[in-house]
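Residue-level structural notes
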2 protein chains.
Amino acid sequence: MEPGKEKLWEKTVDSKPIFDGKIIKVQIDTVELSDGTTASREIVKHPGAVAVVALKGDKMLVVEQFRQPLGRTEIEIPAGKLEPGEDPREAAARELEEETGYRASELIHLSSFYTSPGFADEIIHFYAAEELTEGTLQPDEDEFLELTEITLDEAFEHIRAERISDAKTLMAVYAWQLRTLTGKWPV
Amino acid sequence: MEPGKEKLWEKTVDSKPIFDGKIIKVQIDTVELSDGTTASREIVKHPGAVAVVALKGDKMLVVEQFRQPLGRTEIEIPAGKLEPGEDPREAAARELEEETGYRASELIHLSSFYTSPGFADEIIHFYAAEELTEGTLQPDEDEFLELTEITLDEAFEHIRAERISDAKTLMAVYAWQLRTLTGKWPV
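Residues numbered from 1 in each chain as written. Chains lettered and ligands numbered in written order. Predicted model: local features only at pLDDT ≥ 70, side-chain atom pairs only at ≥ 80, totals over all residues. Heavy atoms only, no water.

1. Looking at the overall build of chain A
Helices and strands together make up the secondary structure of chain A, namely three helices and 12 strands. Here chain A holds 187 residues, and 54% of them are scored as buried. Long-range contacts, defined as pairs at least 24 residues apart, comprise 54% of the intrachain contacts of chain A with a sequence gap of at least 6. Roughly 8,300 Å² of accessible area belongs to chain A as shown, and the carbon and sulfur atoms make up 47% of that amount. (Helix = DSSP H or I, 4+ residues; strand = E, 2+ residues; numbered from the N terminus. Buried < 20%, exposed > 50% of the residue type's maximum accessible area, 1.4 Å probe, protein only. Contact = heavy atoms within 4.5 Å. Areas by Shrake-Rupley, 256 points an atom, 1.4 Å probe, with all protein chains shown as cover.)

2. Some remarks on the packing of helix α3 (residues 167-182) of chain A against helix α3 (residues 167-182) of chain B
The N-to-C vectors of α3(A) and α3(B) enclose an angle of 30 degrees; their axes lie 10 Å apart at closest approach. With respect to α3(B), the axis of α3(A) lies roughly parallel. Between α3(A) and α3(B) lies a crossing whose hand is left-handed. Between α3(A) and α3(B), the residues in contact are A:A167, A:L170, A:M171, A:Y174, A:A175, A:Q177, A:L178, A:L181 and A:T182 and B:A167, B:L170, B:M171, B:Y174, B:A175, B:Q177, B:L178, B:L181 and B:T182, respectively. Taken together, the residues that form the contact of α3(A) with α3(B) break down as 14 nonpolar, four polar and no charged. (Axes fitted to C-alpha atoms, helices over the stretch in contact; angles between N-to-C directions. Parallel < 35°, antiparallel > 145°, perpendicular 65-115°, else oblique. Left-handed = near helix turned anticlockwise from the far one by under 90°. Nonpolar A, V, L, I, M, F, W, Y, C, P; charged D, E, K, R; others polar.)

3. Topic: the sheet that holds strand β2 (residues 25-32) of chain A
All names here are of chain A. If you trace the three strands from one edge of the open sheet to the other, you get β1-β2-β3, paired in antiparallel fashion. Either end of the sheet is taken by a strand with one partner, and the two such strands are β1 (11-20) and β3 (38-45). Shown here is a sheet whose adjacent strand axes are inclined to one another by a mean of 20 degrees, direction ignored. Pairing geometry for β2 and β3, over eight bridges, is antiparallel. Across the sheet, the residue bridging to V26 is V44, located in β3. (Pairing = 2+ DSSP bridges.)

4. Side note on unusual backbone geometry
Although it is not a glycine, A:E162 sits at a positive phi angle of roughly 60 degrees. Looking at the secondary structure, you find A:E162 in the loop between α2 (152-160) and α3.

5. Some details on the nonpolar core
Counting 60 residues, the largest nonpolar core has A:V53, A:M60, A:F126, B:V53, B:M60 and B:F126 as its most contacted members. If we skip the residues at most four places from it in the chain, B:F126 touches A:Y174, B:A51, B:V53, B:I77, B:I108, B:H109, B:L110, B:S111, B:F113, B:K168, B:M171 and B:A172. Grouped together as the second largest cluster of nonpolar side chains are 14 residues, A:I24, A:I28, A:V44 and A:A120 included. (Core = buried A, V, L, I, M, F, W, Y, C linked by side-chain atoms within 4.5 Å.)

6. A short note on the UniProt feature "domain: Nudix hydrolase" (unreviewed entry) in chain A
Mapped onto this structure's residue numbering, the UniProt feature "domain: Nudix hydrolase" (unreviewed entry) falls at residues 44-179 of chain A. Helix makes up 26% of residues 44-179 of chain A and strand 38%, and the two end C-alpha atoms of the span are 34 Å apart. (UniProt positions renumbered as here; feature names shortened; annotations may be inferred.)

7. Focus: the interface of chain B and chain A
Counting residues at the interface gives 74 residues for chain B and 74 residues for chain A. Taking both partners together, chain B and chain A bury about 6,500 Å²; carbon and sulfur atoms supply 66% of that area. On inspection of chain B and its partner chain A, the count reaches zero salt bridges. For the pair chain B and chain A, the number of links is 22 residue pairs in polar contact (both at pLDDT 80 or more). Where the side of chain B that touches chain A is concerned, the elements lending two or more residues are β1 (11-20), β2 (25-32), β3 (38-45), β5 (59-67), β6 (72-76), β9 (108-114), α2 (152-160) and α3 of chain B. If one sorts the elements of the side of chain B that touches chain A by residue count, α3(B) sits on top with 10 residues. (Buried area = accessible area lost by both parts, 1.4 Å probe. Salt bridge = Lys/Arg side-chain N within 4 Å of Asp/Glu carboxyl O. Polar contact = N/O pair within 3.5 Å; in protein donor to acceptor, adjacent residues only side chain to side chain.)

8. Brief notes about the relation of the copies chain B and chain A
Placing chain B over chain A gives an RMSD of 0.0 Å and needs a rotation angle of 180 degrees, together with 0.0 Å of translation along the axis. Such a turn and shift between the copies fits a two-fold axis. By residue overlap, the copies meet face to face through one surface: 100% of the interface positions of chain B are interface positions in chain A. (Least-squares fit on C-alpha atoms with pLDDT ≥ 70 in both.)

9. Let's talk about helix α1 (residues 88-100) of chain B
Residue and element names in this part refer to chain B. A rise of 1.5 Å per residue sets the reference length of α1, with its 13 residues, at 18 Å; its end C-alpha atoms lie 18 Å apart and thus fit the reference within 8%. All of the buried residues along α1 are A91, A92, E95, L96, E97, E98, E99 and T100. A distance of 3.1 Å separates the backbone nitrogen of R89 from a side-chain oxygen at the start of α1, and that oxygen is part of D87. Looking one or two places after α1, you find G101, whose phi comes out positive at around 80 degrees. (Expected span 1.5 Å × (residues − 1).)

10. Points about the pattern of salt bridges
Throughout the structure, instances matching the rule amount to 26 salt bridges over all chains. A:R41 is paired through a salt bridge with A:E10; the nearest N and O atoms lie 2.9 Å apart. Of this pair, A:R41 sits in strand β3 while A:E10 sits in the segment before β1, and the two are 31 residues apart along the sequence. Among the residues examined, A:R41 registers a relative accessible area of 17% and is labelled buried. Accessibility expressed as a relative area gives 8% for A:E10, which makes it buried. Between B:E76 and B:R67 there is a salt bridge, with the nearest N and O atoms lying 2.8 Å from each other. Of the residues examined, B:R67 reaches a relative accessible area of 16% and is grouped as buried.

11. Quick word on the packing of aromatic side chains
Applying the stated rule across the entire model yields four aromatic pairs over all chains. Consider the rings of A:W9 and B:F66, whose centres lie 4.9 Å apart with planes at 70 degrees: the pair is edge-to-face. With A:W9 in the segment before β1 and B:F66 in strand β5, the pair connects residues from two separate chains. Take B:F66: its relative accessible area is 7%, and that puts it in the buried class. (Phe/Tyr/Trp six-rings, centres within 6.5 Å; stacked < 30°, edge-to-face > 60°.)

Set out below in structure tokens:
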């Protein structure tokens, strides 16, 4: 811990498991704050995920799929959960090929970010791919996907129409714009 | 539903409550897919949140705080949960003032995005503020925050050092860069 940051620190004094699902786990942690008081924190544990900004010339690959938490379909960049012990880069290559049928010559790591650090430990490892070759389409058994390619202007239209409305896909569109304007991917 | 998108659709056939917490709820939904098979979906329900890209000249306001799901502190843009029935714009104004002590003359709505559409319905209403006036600092009782102002170069350093590592704050830095390069906020 950095000097002067002690007051920000929280110490875990208890952790109560609530739910152990196929994908997520839920627990209630009790933490001691720097003023000696305690607080409870509801925490979702997640295996982590990967997502790929895959460019094919002046278009980006996206998949439309139903999202039960939203009760509707959404257009998103190719993404998926990490298998236990799986290397994020290999997972990104796997998900890209399974969902789009394309292989990336190179996967450029853009960042790894937490989606909801207030209540979940889900991290998304975020990659870009600019050179694609044909591979094998192979969606998961309980997933129906529709693959499309969109231009940057079509991406803006989908954002306005709220058909693109998730964090990773908005970030992908922002990163793609920055790539176009500056000639390089953002930090 | 759009014509041709029927195969993407999922129909909820059962919903089992698992956990009803102070902030999140958890349920397991059973859905029927378009091929007649069923699948289960673990869903986290969240009240929704707001976040603000607040610029003060060539600096952005950020707060460092401990995040129990990550087990460490993180530097993020001002943000917080919606109160029941609260208007997102009012919540953004409230959270900005509580966490930074500044009021925004105008809050520009940039987008509203789902953080983890695969398992959670959390939506973040994302605003920008460019003209700030002095208000009253008033952090939540169980929150310790450290307010700082950072330049764009400092933001890049924090991203490289993984002290900025959450989706909304990375999006804020991307949006700020786009604002700087194009003279306007992104779609």
